[in-house]
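What follows is the residue order along each chain.
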Amino acid sequence: MFSLIRRPSLFELCESVIHLVYPELCVACNRELPASDNCFCLSCSLKLIPFQMDRPSDNAFTDRFWGRVPVEWGAAAYYFSRKSPVQKALHQLKYRNNPDVGVKMGRYLAIKLKNNPLVPHFDLIIPVPLHQARERLRGYNQSAMFARGISEITDIPVRTDCVKRVLATSSQTRKKRMERFSNVSEVFAVLKPDVLKGKSILLVDDVLTTGATLELCAAVLSRVEGVRIGMATIAIADK
Ligand SMILES: [Zn+2]
């Protein structure tokens, strides 16, 4: 008679040993995590406000782009508020060399997407690119990490070679400067229009505030024939 209890693989055993020696910590409060596929401990999870996906094409996310650029679908993983666990997670991702936070957030959102029949089909995921100099400095693009996590669950391919950021802006001045640009080509450029033609693209970034960066990136993408755009971020903040 065979047993229904599956034996753990060598990889799973190694993972458990590593977890015992180097336990993963909650990105918000540094408490030990019971499972390594989460970002937050139970106590921090209870403080999070997940974004509701019951109206995927007409919600607080897509409303922010109304009259600016066509967005067929939009969602965030969480609402953002100051000092919340999600703010601490974003800080880890952007300034504390913790790219894994982005990947885990991507997986979390993707599981919600996969189980939601209102989510349209996407052909490609494109992370909002950083300027080359900034990416070199940080070592990675935080939005690309988020994209990777979504892709792992959904199998939608990530393309980081189709859009380029041609203008570098510092994070302090970014918001004001972005809003000034009327010519979108000053900030982003499409590199491979043939790859994008007729595609449904999920454009992803770390956080949605005014939407200026996402708008500019979506605007250059939407110049390509037949492109449809959906957007996803880790967090949505107040304007
Ligand atoms: Zn915690």
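Quick note: structure is the one above.
A brief structural summary. (Residues numbered from 1 in each chain as written. Predicted model: local features only at pLDDT ≥ 70, side-chain atom pairs only at ≥ 80, totals over all residues. Heavy atoms only, no water.)

### Let's talk about the pairing of strand 2 (residues 124-127)
Okay, step 1: Alternating residues of strand 2 divide into Leu124 and Ile126 and Ile125 and Pro127, and every residue in both groups is buried.
Okay, step 2: When strand 2 meets strand 5 (residues 200-208), the two strands line up parallel, connected through 4 bridges. Looking at the pairing, Ile126 lines up with Leu203 of strand 5. (Buried < 20%, exposed > 50% of the residue type's maximum accessible area, 1.4 Å probe, protein only. Helix = DSSP H or I, 4+ residues; strand = E, 2+ residues; numbered from the N terminus. Pairing = 2+ DSSP bridges.)

### Things to note about the coordination of the zinc ion
Okay, step 1: In this structure, Cys26 (SG), Cys29 (SG), Cys41 (SG) and Cys44 (SG) serve as the protein donors to the zinc ion, at separations of 2.2 to 2.3 Å.
Okay, step 2: Of note is the zinc ion, whose 4 donor atoms meet at the metal with angles of 104 to 117° in an arrangement that counts as tetrahedral.
Okay, step 3: Positions of the donor residues of the zinc ion along the chain correspond to the pattern C-x2-C-x11-C-x2-C. Here Cys29, found in the loop between helix 1 (10-21) and helix 2 (42-45), pairs with Cys41, found in the loop between helix 1 and helix 2; they are 12 residues apart in sequence, far enough to count as distant.
Okay, step 4: Look at Cys29 and you get partly exposed, because its relative accessible area is 32%. (Donors = N, O, S within 2.8 Å, 3.2 Å for Na, K, Ca; no water. Tetrahedral: all angles 85-135°; square planar, octahedral: opposite > 155°, others 65-115°.)

### A word on the environment of Thr213
Okay, step 1: Examined against the element boundaries, Thr213 turns out to sit in helix 10 (residues 212-221).
Okay, step 2: Thr213 gets classed as buried once you look at its relative accessible area, which sits at 9%.
Okay, step 3: Spatially, the C-alpha atoms of Thr213 and Phe188 are 9.5 Å apart, while their sequence positions differ by 25 residues.

### Observations concerning the pattern of salt bridges
Okay, step 1: Inspection of the entire model under this criterion finds 9 salt bridges.
Okay, step 2: Between Glu24 and Lys104 there is a salt bridge, and its shortest N-O distance comes to 2.6 Å. Of this pair, Glu24 sits in the loop between helix 1 and helix 2 while Lys104 sits in helix 5 (residues 100-114), and the two are 80 residues apart along the sequence.
Okay, step 3: A relative accessible area of 9% means that Lys104 is categorised as buried.
Okay, step 4: For Asp161, the salt bridge identified is with Lys192, shortest N-O distance 3.0 Å. On the criterion of sequence distance, the pair formed by Asp161 in the loop between helix 7 (142-154) and strand 3 (163-165) and Lys192 in the loop between strand 4 (188-190) and helix 9 (193-196) is long-range, its members being 31 residues apart.
Okay, step 5: For Asp161, a relative accessible area of 27% corresponds to the partly exposed category.
Okay, step 6: Classification of Lys192 as partly exposed rests on a relative accessible area of 34%. (Salt bridge = Lys/Arg side-chain N within 4 Å of Asp/Glu carboxyl O.)

### Description of the nonpolar core
Okay, step 1: Residues Phe40, Trp73, Met105, Ile150, Leu196, Leu203 and Met231 are the most contacted members of the largest nonpolar core, which totals 69 residues.
Okay, step 2: For this core, the secondary-structure elements that each account for two or more residues are strand 1 (73-79), helix 4 (85-95), helix 5, strand 2, helix 7, strand 5, helix 10 and strand 6 (228-236). (Core = buried A, V, L, I, M, F, W, Y, C linked by side-chain atoms within 4.5 Å.)

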